[in-house]
Amino acid sequence: MRAIWKGHISFGLVSVPVSIYSAEKRADLQLHMLDSRNHARVRYERVNAETGEEVPWGEIVRGYEYDNGSYVVISDEQLKKAAPEATKAIELEGFVDVDEIDEMFFDKPYYLEPGKAGKKGYALLREALRESGKAGIARVVIRTRQYIAALTPKDKVLVLTLLRYGQELRSPEELELPGTLKEVGVTDREIKMAGTLIDSMTRPWDPEEYEDEYRDALMAWIQKRIESGQIEEAPEAAEPEVEEVSTDLMEALKRSVEHSGAGERKPGRAPARKKRSKKTRSKKAAAAKSASKSGKGGRKK
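Predicted model, so just to flag it, every value in this text is computed and none were measured. (Residues numbered from 1 in each chain as written. Predicted model: local features only at pLDDT ≥ 70, side-chain atom pairs only at ≥ 80, totals over all residues. Heavy atoms only, no water.)

With that out of the way, let us pick up the overall build of the protein chain. A tally of regular secondary structure across the protein chain gives seven helices and nine strands. Residue burial in the protein chain is summarised as follows: out of 301 residues, 19% are buried. Counting only contacts in the protein chain whose residues sit at least 6 apart along the sequence, the fraction spanning at least 24 positions is 64%. Working note: accessible area of the protein chain is about 24,100 Å², and carbon and sulfur atoms make up 52% of it. (Helix = DSSP H or I, 4+ residues; strand = E, 2+ residues; numbered from the N terminus. Buried < 20%, exposed > 50% of the residue type's maximum accessible area, 1.4 Å probe, protein only. Contact = heavy atoms within 4.5 Å. Areas by Shrake-Rupley, 256 points an atom, 1.4 Å probe, with all protein chains shown as cover.)

Below, the structure written as structure tokens:
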């Protein structure tokens, strides 16, 4: 992994040198826009909306539209002056109970690695946070933007999770939502049946059980085209068989419980599921990786 930021954690008078590494990796399938006539890449042009002429990079400035067609032009120098000072510190400003932070505020996780001289302070802060059950709230500047973040321990690593600001979240009050169960006519029997259904479908969380099936299927189809060297039409996705929805909530719950087999098991016991072996997952991952490499050198169709 490559560090995207190096600095230190400021914890009272304690300073711990650290490096920041992204804790997530994207597996998005990159598709390019092509001209259907000769499969050449389509490029974007910077065009003046009034004259239709292409605008050189040197003539482009940034502007904030405060009214329809009216802008405040902002130069690069002005942006630098307005930007937060790019400090190299994760300054812990306070601590809160982890459970107090609504999950809606969590945005992007990063791993922190201690510098050679900071291992003792890193371990101290990690275990102090673990024992207290608290999250350290800090401000950090990454790539000229200031973020608020939560510092928490996970096994042996300290995780810095960027948080959303309050103004970045929309209020659900604009939505038309149902009221109380009594107001919408839900009965105690229906609630109990829904609970039975939840119990029957409950099982331990295993993230490896879930894979991007759409990406796997698409990569398999791409690999097939590469190997065959033939032009084919993309296969249409099969329409799922949708059972007619019952307007009777109780009846729908009953049918769901029967379908899950809950009637044959004690409530709270999860249904047996056949899990794919690690060997199978490794083969699929290797096939997808092979397809990605082959695609780079593939011929245009």
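Pairing analysis gives seven bridges linking strand β7 (residues 134-142) to strand β8 (residues 145-154), with the strands arranged antiparallel. If you follow alanine 138 over to β8, its bridge partner there is alanine 149. What sits between β7 and β8 in their antiparallel hairpin is a turn of two residues, with arginine 143 showing a positive phi close to 50°. Across seven bridges, β8 lies against strand β9 (residues 157-163) in antiparallel orientation. Each bridged residue has a counterpart across the sheet, and for alanine 149 the counterpart in β9 is leucine 162. Here β8 folds back onto β9 in antiparallel fashion, the turn holding two residues, of which aspartate 155 has a positive phi close to 55°. (Pairing = 2+ DSSP bridges.)

A positive phi angle, close to 60°, is found at histidine 39, a residue other than glycine. Mapped onto the elements, histidine 39 comes out in the loop between β2 (14-22) and β3 (62-67). Histidine 39 sits in the partly exposed class, given a relative accessible area of 23%.

A side chain of one charge can pair with a side chain of the opposite charge if their charged atoms are brought near each other. Per the stated rule, a full pass over the model turns up ten salt bridges. Residue glutamate 93 is joined to arginine 139 by a salt bridge in which the shortest nitrogen-to-oxygen separation is 3.0 Å. Taken as a pair, glutamate 93 in strand β5 (residues 89-97) and arginine 139 in strand β7 lie far apart in primary sequence, 46 residues in all. Notably, a salt bridge pairs arginine 164 with aspartate 107, separated by 3.7 Å at the nearest N-O pair. Pair noted here: arginine 164 is in the loop between β9 and α3 (181-184) and aspartate 107 is in strand β6 (residues 106-114), with a separation of 57 residues, a long-range link. Assessed through its relative accessible area of 28%, arginine 164 is described here as partly exposed. By relative accessible area, aspartate 107 is classed as partly exposed at 43%. (Salt bridge = Lys/Arg side-chain N within 4 Å of Asp/Glu carboxyl O.)

What follows deals with the sheet that holds β8. Read around the closed barrel, the seven strands follow the order β1-β2-β6-β9-β8-β7-β5; overall the barrel is mixed. Each strand axis lies, on average, 40° off the axis of its neighbour in the sheet, ignoring direction. Contacting β1 (5-11), β2, β5, β6, β7, β8 and β9, helix α2 (residues 119-132) runs over the sheet at an angle of about 70° to β9. (Axes fitted to C-alpha atoms, helices over the stretch in contact; angles between N-to-C directions.)

Let's shift gears to the nonpolar core. Ile9, Ile90, Leu112, Val140 and Leu151 are the most contacted members of the largest nonpolar core, which totals 21 residues. Elements that contribute at least two residues to this core include exactly β1, β2, β5, β6, α2, β7, β8 and β9. When near neighbours in sequence (up to four residues on either side) are disregarded, isoleucine 90 contacts Trp5, His8, Ile9, Ser10, Val18, Ile20, Leu112, Ala138, Arg139, Val140 and Leu160. (Core = buried A, V, L, I, M, F, W, Y, C linked by side-chain atoms within 4.5 Å.)

With that out of the way, let us pick up helix α5 (residues 213-228). Given 3.6 residues per turn, any residue in an α-helix points the same way as the ones three and four places further on. Here α5 is 16 residues long and its end C-alpha atoms lie 23 Å apart, about the 22 Å a rise of 1.5 Å per residue gives. Looking at α5, one finds that the buried residues are Arg215, Met219, Trp221, Gln223 and Arg225. One or two positions beyond α5, positive phi appears at glycine 229, with a value near 70°. (Expected span 1.5 Å × (residues − 1).)

Moving on to the side chain of serine 200. Relative to the assigned elements, serine 200 resides in helix α4 (residues 188-200). A distance of 2.7 Å separates the side chain of serine 200 from the backbone oxygen of leucine 197, its partner in a polar contact. (Polar contact = N/O pair within 3.5 Å; in protein donor to acceptor, adjacent residues only side chain to side chain.)

Mapped onto the elements, glycine 118 comes out in the loop between β6 and α2. Put simply, glycine 118 and histidine 8 are 110 residues apart on the chain and 9.0 Å apart in space, counted from C-alpha to C-alpha. Discounting residues that sit within four places of it in the chain, glycine 118 has contacts with Val16 and Pro17.

For the rest of this paragraph, the subject is the confidence of the model for the protein chain. Taken as a whole, the protein chain shows an average pLDDT of 79; of its residues, 77% reach a score of 70 or greater. Looking over the protein chain, one finds the lowest element-wise mean pLDDT in helix α7 (residues 278-296), namely 49, and the highest in β9, namely 96. Note that pLDDT drops below 50 for residues 265-275; the model gives that stretch 17 contacts with residues more than four away or on any other chain. Of the regions scoring below 50 in pLDDT, residues 291-301 engages in 17 contacts with residues more than four places distant in sequence or in other chains. (pLDDT = per-residue confidence, 0-100.)

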